[in-house]
Structure formats: structure tokens, C-alpha cells
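Structural overview
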Amino acid sequence: MKSIRAVKLVRVRGVTRTEVHDEVVVEEPLEIRVAQEKLAITMRTPGDDARLTLGFLFGEGIIGHRDDIGALAHC
């Protein structure tokens with residue numbers, strides 16, 4: 001999935017309206033589960049979800065080392 005999307009905008013300056021094109025970053029929710037239990041939902045740009053999840057778990061103190069992970073799956 002692309003994390004940048006082209007959009008059409010209307011820019012208004014005073015009484016002048018102009019249509020312009022721009023690019024915006026796309027964000028989507030990521031639900032993180034541990035042992036099938038929902039732990040957290042975070043917003044992220046789509047991409048490297050596995051590393052984001054591992055970093056989140058490490059930062060929250062849920063894991064301390066990669067050996068703490070039995071399996072990692074995208075559902």
C-alpha cells in the first residue's frame with residue numbers, strides 16, 4: 001500500500017479560489033495483539049508493521065529481547 005496519496009484541494013485567498021493538487025500522507029490504524037488479546041491501537045503510515053509492532057512492544061516493556069517473541073503474524 002502506498003503511504004502517499006494525491007488529492008485535489010481548493011485554495012481560498014481572499015475572494016480567489018484555486019484548485020490545486022497536493023500529496024498527503026496516509027495513516028491507518030494498526031491493532032496490536034498479544035496472545036490473541038487486543039493490547040493497543042496506534043495510527044501509522046502503512047509499511048513495516050512488523051518492526052513497528054516489535055518496537056512498540058519493546059518500548060512498552062512487554063518484551064526485552066527478540067527471543068521473547070514466539071511468533072509474529074499479520075492478520
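A short tour of the structure in this document, coming up.

Okay, helix 1 (residues 49–59) next. Here helix 1 has its buried residues at Asp49, Thr53 and Leu57. Looking down the long axis of helix 1, one finds its buried residues gathered within 70° of arc, a one-sided arrangement. Of the exposed residues in helix 1, the ones pointing more than 90 degrees away from its buried face are Arg51, Phe58 and Gly59. Packing partners of the buried residues in helix 1 comprise strand 3 (28–34) and strand 4 (37–44). Phi turns positive one or two residues past the end of helix 1, at Gly61, with a value near 80°.

About the cut-offs
- Numbers given for residues are sequential positions, taken from 1 along each chain in its written order.
- pLDDT decides what is reported in this predicted model: residues at 70 or higher carry local features, side-chain atom pairs at 80 or more are listed and counted, and totals for whole chains, interfaces and linings draw on all residues regardless.
- The side-chain figures draw on all heavy atoms in the structure; neither hydrogens nor water molecules are used.
- When a residue's accessible area, from a 1.4 Å probe over protein chains only, is under 20% of the maximum for its type it is buried; when over 50% it is exposed; and in between it is partly exposed.
- Secondary structure is summarised from DSSP: a helix means a run of H or I of at least four residues, a strand means a run of E of at least two, and numbering begins at the N terminus for each.
- For this quantity, the arc is that covered by the directions from the helix axis to the C-beta atoms.
- Whether two residues touch is decided by their heavy atoms; if any such pair falls within 4.5 Å, the residues are in contact.

Limitation: the analysis is restricted to geometry and does not speak to function.
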